[in-house]
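# Summary of the model geometry
Chain by chain, the residues run as shown.
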Amino acid sequence: MSQQSIKVGDSPAVQYLLRLADSCLVLSQRLGEWCGHGPILEEDLALTNMALDLIGQARGLLTRVCELDGQGHDEDQLAFLRDERQYLNPVLMELPNGPARPGDFAFTVLRNFAVSSWLLLMWERLQSSSDAEVAAIAAKAVKEASYQQQHSADWVVRLGDGSDESKARMNAALSQLWPYFNELFVDDAVDAAAVASGLGPAWSELKPAWAAAIDEILSEAVLPQPKPSAFVSNGRCGVHSEHMGHMLAEMQYLQRAYPGGAW
Amino acid sequence: MRQPTQLSNACGRLEAAWEVLRQIPDPEVPVISLVELGIVRDLKETAGGFDVVLTPTYSGCPATELIQNDVRAALAAFGEIAITLQRSPAWTTDWISEEGRAKLKAYGIAPPGPAQPEQGKPIRLVRRVSPIQLACPRCGSEDTEKLSAFGSTACKALHRCLACLEPFEHFKPI
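In this convention, every chain numbers its residues from 1, walking through the sequence in written order. Ligands are numbered from 1 and chains lettered from A, in the order in which they are written. pLDDT decides what is reported in this predicted model: residues at 70 or higher carry local features, side-chain atom pairs at 80 or more are listed and counted, and totals for whole chains, interfaces and linings draw on all residues regardless.

### Considering the overall build of chain B
The helix and strand inventory of chain B stands at 4 helices and 7 strands. Within chain B, buried positions represent 31% of all 174 residues. A separation threshold of at least 6 residues defines the contact pool for chain B, and within that pool the share at least 24 residues apart is 52%. Secondary structure counts use DSSP, requiring at least four H or I residues in a row for a helix and at least two E residues in a row for a strand, with both numbered from the N terminus. The exposure label follows from counting other C-beta atoms within 10 Å of a residue's C-beta, where the C-beta atoms are placed from the backbone and the thresholds are 20 or more for buried and 12 or fewer for exposed, leaving partly exposed in between. Here contacts are defined at the residue level, using C-beta atoms placed from the backbone and a cut-off of 7 Å between them.

Written as C-alpha cells, this is what we have:
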C-alpha cells in the first residue's frame, strides 16, 4: 500500500515560508548525494555538514508551516508526502550536481556560494520577522549561512583562479547556473503579503547585496560574468525542472512504500 | 504561607535536579556536561515535576533528540519531565562555562574564542594558516594550521599543530 499525497493550504504566509523551507530541504538532499563521494575527505565532511545545517533550518521552518497551515501535518509528512507541484523551491536548488553521480565539484561549490550568499541575506532580514519563531530560526541560521558562504567563496576563488582545468570547469558551471539565479529575485503576491505583514522581505530586495557579493568573489576568482539571461524558472510556484520528480522519487521512496516507517 | 522547612525542601529539590543535569555528558563531546555547554537555559518546577528549557547548538545538530531523551531519563525520579525547546536567544559558544572550556582543552579540543557578530561581516578569503592564531591544546604552540573547516561534528573544525605535529579539533566560535 502506498501513502496518499498531502497538500498544504494556499495562505501567503504558508507559501512564503515553504519557498524558503523547500530551498533548504532540496539543496540539502542534493548535497547529501556527495556523502562518501567527496573529492577529498575534508570536502566530503564539508558538504555533508552543510547539508545537515540546511536540513535543520528546513525542519524549523516546516514545523512552523505546519502550525500556520493548521491541518495537523508534521515536518516529516510535509517533506515526504507532498508531490512535485507542491514543492516551492526555486529550480536552482533541485538541479543535479552534475551529469553523473555524485556530480561536478565546481558546479556544487558555485551553487553553494550563490545560495549561501542568498540565504545569509535572507536570514539577516528574517531576524526581524514579525513571526517570532521565524525570527528565532533565522538568528541561528545566519551564523551557519555565514560559515557556509566563507567556505564556498574560498573554493570559488581557488578553482576559478586555479589550473586551466579548474578554471574551465568553473566557467562551465557558471554558464549553466547563471540563468537559474534570476528566480531568486522575482516577486509576486506572496512576497507582497509577506512585506505587508512584516513576515519577511520581498525576494527582489535582496538582489543588490547578493549581486555585490557575487561580483566581489567572481572578480577575485578571475571569472567573467555571463551575459544577463531572460530565462526565469518558476519553481517557487511549483513548476519544476525534469529533475525534481526523480529527486523526490528517491527522497520519498521509503515513506511512500512503508508509511510511517521510522528508526 | 509556606513553612521554612518546606521552602528549603523545594529549594533542595531544584538544586538536586540541577546537580543531576550537571552530570549529564554531551553525547558528542562527553567530556563536558550539558550545563557546561550552556544549552540548559532554565529549570522550572511544575506541579508534577520539572520543565527543562533547552536550546539547540546548531539547527541540524543530530544530537538534539538524544539530549532530550538523556535529560528525561536522568530526571525521571523527579516526576513528570517536560522539555521546552527554545531557539531564541540563539545559542552561542560564549555560553560555554570557564570550567567547560578548561575541560575541552584538557580533552584535546581547542576551546572557542569570543563569538563575532555575523551581520554585515565581509567575506574574507580563508588562508590555510588561520588568521587568528590558535594555540595547540597539547603543547601550547601557536604555530598551527587549519586542515578542515568542518570536522567530526557540526560544532568543530580540524587543525594541526606544526610544532608537535598532532592534529586537534577546534570548537568553532559562533
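### What about the overall build of chain A?
Scanning chain A from N- to C-terminus turns up 10 helices and 0 strands. When the elements of chain A are put in sequence order from the N terminus, they spell out α-α-α-α-α-α-α-α-α-α. Buried residues in chain A amount to 49% of all 263 residues. Residue pairs in contact within chain A that sit at least 24 positions apart in sequence constitute 75% of those at least 6 positions apart.

### Regarding helix 8 (residues 189–197) of chain A
Each full turn of the α-helix corresponds to 3.6 residues, which orients residues three or four apart in the same direction. Residues and elements named next belong to chain A. Along helix 8, the positions that sit buried rather than exposed are Val190, Asp191 and Ala194. Viewed along the axis of helix 8, the buried residues span an arc of 100 degrees, placing them on a single side of the element. Opposite its buried face, helix 8 presents the exposed residues Ala189, Ala192 and Ala196, each directed more than 90 degrees away. On the buried face of helix 8, the contacting elements are helix 1 (12–32). This arc is taken over the directions from the axis of the helix to the C-beta atoms.

### With respect to the interface of chain B and chain A
Between chain B and chain A, the contact holds 21 residues from the first and 31 residues from the second. Residues are sorted three ways: Asp, Glu, Lys and Arg are charged, Ala, Val, Leu, Ile, Met, Phe, Trp, Tyr, Cys and Pro are nonpolar, and all the rest, Gly among them, are polar. Class assignment of the residues belonging to the side of chain B that touches chain A gives a composition of 11 nonpolar, 6 polar and 4 charged.

### Comments concerning the environment of Ser117 of chain A
Relative to the helices and strands, Ser117 of chain A is located in helix 5 (residues 105–126). Sequence separation of Ser117 of chain A and Ser152 of chain A is 35 residues, and the distance between their C-alpha atoms is 9.5 Å.

### Focus on the packing of helix 5 of chain A against helix 6 (residues 132–160) of chain A
Packed helices, taken two at a time, are described by the angle their axes make and the gap between the axes. All names here are of chain A. Angular values range over 0 to 180 degrees, each being the angle between N-to-C directions of two axes fitted as lines to C-alpha atoms, with helices fitted over their stretch in contact. One can describe the packing of helix 5 onto helix 6 by two numbers: an axis separation of 7 Å at closest approach and a directional angle of 150 degrees. Here helix 5 is positioned roughly antiparallel relative to helix 6, judged by the angle of their axes. Taken as a pair, helix 5 and helix 6 cross one another with a handedness that is left-handed. Residue composition of the contact of helix 5 with helix 6, by class: 18 nonpolar, 7 polar and 1 charged. Angles are sorted into four bins: roughly parallel if under 35 degrees, roughly antiparallel if over 145, roughly perpendicular if 65 to 115, and oblique for all others. Helix crossings fall into two classes, left-handed where the near helix is turned counterclockwise from the far one by less than a right angle and right-handed where it is turned clockwise.

### Things to note about the sheet that holds strand 5 (residues 144–148) of chain B
Sheet strands line up and pair through hydrogen bonds in the backbone, either parallel or antiparallel. In spatial order, the strands read 4-7-6-5 (chain B); together these 4 strands make up an open sheet with mixed pairing. Whereas interior strands pair on both sides, the edge strands pair on one side only; in this sheet they are strand 4 (109–110) and strand 5 of chain B. The pairing criterion is simple: DSSP has to find at least two bridges between the two strands.

### A short note on the domain arrangement of chain B
Much of the literature gives interface size as the accessible area that the parts lose upon coming together. Residues and elements named next belong to chain B. An automatic or database domain assignment is the source of the domain bounds shown. What the domain assignment lists for chain B is domain 1 (4–91) and domain 2 (98–171). If you look at the interface, domain 1 gives 10 residues, while domain 2 gives 9 residues. Residues of the side of domain 1 that touches domain 2, tallied by class, amount to 6 nonpolar, 2 polar and 2 charged.

### Concerning the confidence of the model for chain B
All names here are of chain B. Residue-level pLDDT values for chain B average 88, and 86% of them are 70 or greater. Each residue carries a pLDDT score, the predictor's own confidence in it, on a scale running from 0 to 100. Note that pLDDT drops below 50 for residues 1–7; the model gives that stretch 1 contact with residues more than four away or on any other chain. Per the prediction output, this complex has pTM 0.93; the corresponding ipTM is 0.85.

### A short note on the sheet that holds strand 2 (residues 49–54) of chain B
Residues and elements named next belong to chain B. Strand order in the open sheet made by the 3 strands is 1-2-3, with mixed pairing throughout. Each edge of the open sheet carries a strand with a single partner, namely strand 1 (40–45) and strand 3 (80–85). Going from strand to strand, the sheet's axes swing by 20 degrees on average, the running direction of each strand aside. In terms of strand pairing, strand 1 meets strand 2 through 5 bridges, oriented antiparallel. Bridge assignment links Asp42 to a residue of strand 2, and that residue is Val53. Relative to the sheet, helix 3 (residues 64–75) contacts strand 2 and strand 3, its axis offset from that of strand 3 by approximately 155 degrees.

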